[in-house]
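# Structural description and commentary
Next come the chains, spelled out residue by residue.
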Amino acid sequence: MAGKRKTNEAGSTTGHRDDALRVLGVLKAVTADQIQRLSSPHLTYRHTLKKTPAVRKEARTASHRGALNDLRRHGLSVDGGRTRGGEEVRLLTKDGLAAAGLQLDRGPEEMGGMPKSAGSSGASHAMTVNETVIAMIRPKPDLDLVAGEPAEAIAAAQAWIGAPDGIGSITSYATEVALPATGTWKNPGVGSAWADIILTAPEVGLPLLFIEADNCTEDAAKIAAKFDKYMRHFHRKAKDTDGQDKPMWRTRWSAPAPQRGDATHPPVLLVFHQVGKRPTLQQMKKVAALTREHWQGQGADGFHLYQGKMPIVATTLDLLREHGPAGPAFWRFGREDRQNLFDAIANPRRDAALARRAEEGRRRLAQEAAEREAQRPVCADCGTKFTDDRWKASIAVDWGRGDSHPHLCDDCKSRALEAERQAEQAERERQEQERQEEEAQASKAGGWLGRWRS
């Protein structure tokens, strides 16, 4: 134990240090509280008997604070100032970023950059990004690790487990990822966007989602300009490993092939957090108006098609925390009502219309099949219904000649033809017999006539 504390003076465990590295590797600027809520949510329900929220927070974050202190002593993290609430923010060093990459199984080019204003006072944007990821994941506690706590703590944990699920885990996310409009993935050029958050969760039908966080401090025009950069990236082509030109983003991320007539670019989610003075609702409406050219679809038979457009969806951090991705927290630009995230980025009206058309088609085909079946001939001999091939053959005309037995099935026709063949053979044999008899009689008559003349 003494040797362990000499190496890790704060007494942290390997598990807690690994937790901290994974979260820091994704979010880059993090508090111990955020690491704890993401990695050990069961601790949120412990220490409920302690007197004040501050004391409870001190207790539940102690293990991860120790892990962060030991990472700092090892040169893997540094202090990044404090949040507006007074919490310490930690950042990764270059060596820490490499160590986090090993934990996440990501190469250096996949780790993303450092968040904007990460080291400045407050780190408010970085904190909003982190809280957005937590609200998207909605980490659930392990009830076995809450056993023995007071009944109200266990009930609270059970209630959270029963609440709607989030999406993915910390490894499903990446932050500050370059979207080059010029340059390369490693060295993006002028005019490139940097995505605040990228979510890849194909296991729940969400292969790729870009997320932008805004504290209501920036002008709406500046936010809208970022979507121009997104579109520049989405339009950019690059050669893939098969030598074919593809949208550049498809050379890095997988997504289903575009649907004909409704091939959209990847969706973008805007999460507003009321930190600044600009009202959230007004920000949403202004950004929607300024980005209309990027998201507005074309009406078609009761639904819209979004060929070449970018689905843009907005919500607030409060709504996201309350409802999660599965709840009615999301407004798709151009639509009236809030939807869950999956419906908001999809085209459910089109899907419903296409499903109705498909069902109508199936019914029509079934009706046509039933009508055709009612017309199917029945063998006049055995009563068996004709096969399709027999039906077709029975009405075929070959140079003016029809089927010899159009009212018989294949088997009965074969038997009839065999009977006819045998009858014809018997007739030929009878005729041959008669001919032979006639010849014999003629020969006999000729012999008698010769003897009479002589």
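Our subject is the structure that appears above.
Here's a quick rundown of the structure.

## Quick word on the overall build of the protein chain
Along the protein chain, the regular secondary structure elements total 16 helices and 13 strands. Over its C-alpha trace the protein chain gives a radius of gyration of 40 Å, far above what one expects of a compact globule, namely 22 Å for 454 residues. Overall, the protein chain is about 155 × 55 × 45 Å in size when its C-alpha atoms are taken along their principal axes. Taking all 454 residues of the protein chain together, the buried fraction comes to 41%. The contacts in the protein chain between residues at least 6 apart in sequence include a share of 61% that link residues at least 24 apart. A distance of 8 Å separates the average location of the 68 positive side-chain charges in the protein chain from that of its 61 negative side-chain charges.

## Some details on the packing of helix α2 (residues 14-27) against helix α6 (residues 94-104)
Two numbers describe a pair of packed helices, the interaxial angle and the distance between the axes. At a closest axis distance of 8 Å, the pairing of α2 and α6 adopts a crossing angle of 105 degrees. On the basis of their axis angle, the class for α2 and α6 is roughly perpendicular. Residues D18, L21, R22, G25 and V26 of α2 pack against G96, A99, A100, Q103 and L104 of α6.

## Description of the packing of aromatic side chains
According to the stated counting rule, one finds 8 aromatic pairs in the structure shown. With centroids separated by 5.6 Å and ring planes inclined at 75 degrees, the aromatic side chains of F210 and Y230 adopt a geometry described as edge-to-face. Residue F210 is located in strand β6 (residues 206-214), and its partner Y230 is located in helix α9 (residues 220-235); the two are separated by 20 residues in the primary sequence. Centre to centre, the rings of F210 and W253 are 5.7 Å apart; their planes meet at 90 degrees, and the pair counts as edge-to-face. Taken together, the residues span a long stretch of sequence, with F210 in strand β6 and W253 in the loop between β8 (245-247) and β9 (268-272) at a distance of 43 residues. Taking relative accessible area as the criterion, W253 reaches 11% and is therefore assigned buried. Three or more aromatic residues link up through ring pairs in this structure, and these residues are W185, F210, F227, Y230, F234 and W253. The side chain of R252 reaches across the aromatic face of W185, ending 5.0 Å from its centre. Just above the ring of Y306 sits the side chain of R332; from NZ or CZ to the centre is 4.6 Å.

## Here we look at the side chain of R376
Mapped onto the elements, R376 comes out in the loop between α14 (348-375) and α15 (388-395). For R376, a relative accessible area of 12% translates into the label buried. At 3.0 Å, the side chain of R376 forms a polar contact with the side chain of E373. A polar contact of 2.8 Å, which involves the side chain of R376, links it to the side chain of D388. If we skip the residues at most four places from it in the chain, R376 touches K385, F386, T387, D388 and W391.

## A short note on the state of the cysteines
What makes a disulfide is a covalent bond joining the sulfur atoms belonging to two cysteines. Counting across every chain of the model gives 0 disulfides. C409 forms no disulfide, and the closest cysteine sulfur to it belongs to C412, at a distance of 3.7 Å. Its relative accessible area of 9% is what places C409 among the buried residues.

## Some words on the sheet that holds strand β13 (residues 331-332)
Hydrogen bonds between backbone groups are what pair the strands of a sheet, and the pairing can be parallel or antiparallel. The mixed open sheet is built from 6 strands, whose spatial order is β4-β5-β6-β9-β12-β13. Here the strands that pair on one side only, and so sit at the sheet edges, are β4 (173-179) and β13. Along the sheet, helix α10 (residues 280-290) makes contact with β6, β9, β12 (312-316) and β13, crossing β9 at roughly 150 degrees.

## Some words on the pairing of strand β3 (residues 88-92)
Within β3, 4 of the 5 residues are buried, which leaves it mostly tucked inside the rest of the structure. Here 2 bridges tie strand β1 (residues 29-30) to β3, and the two strands are oriented antiparallel to one another. When the sheet's bridge partners are listed, V30 is paired in β3 with R90. Pairing analysis gives 4 bridges linking strand β2 (residues 77-82) to β3, with the strands arranged antiparallel. Across the sheet, the residue bridging to D79 is R90, located in β3. Taking the residues that link successive antiparallel strands as the turn, the β2-β3 hairpin has 5 residues, and the phi of G86 there is positive, at about 95 degrees.

## Points about α10
Those residues of α10 lying buried are T280, Q283, M284, V287 and A288. When α10 is viewed along its axis, its buried side chains cluster within an angular range of 130 degrees and face the same direction. Within α10, the exposed residues directed more than 90 degrees away from the buried face are L281 and K285. Buried positions along α10 lie against β6, α9, β9, α11 (292-295), β12 and β13.

Basis of the calculations
- Residues numbered from 1 in each chain as written.
- Predicted model: local features only at pLDDT ≥ 70, side-chain atom pairs only at ≥ 80, totals over all residues.
- Heavy atoms only, no water.
- Helix = DSSP H or I, 4+ residues; strand = E, 2+ residues; numbered from the N terminus.
- Rg over C-alpha atoms; globule rule 2.2 N^0.38 Å.
- Buried < 20%, exposed > 50% of the residue type's maximum accessible area, 1.4 Å probe, protein only.
- Contact = heavy atoms within 4.5 Å.
- Lys, Arg positive; Asp, Glu negative; His and termini not counted.
- Charge placed at Lys NZ, Arg CZ, Asp CG, Glu CD.
- Axes fitted to C-alpha atoms, helices over the stretch in contact; angles between N-to-C directions.
- Parallel < 35°, antiparallel > 145°, perpendicular 65-115°, else oblique.
- Phe/Tyr/Trp six-rings, centres within 6.5 Å; stacked < 30°, edge-to-face > 60°.
- Lys NZ or Arg CZ within 6 Å of the ring centre and 35° of its normal.
- Polar contact = N/O pair within 3.5 Å; in protein donor to acceptor, adjacent residues only side chain to side chain.
- Disulfide = S-S within 2.5 Å.
- Pairing = 2+ DSSP bridges.
- Arc of directions from axis to C-beta.

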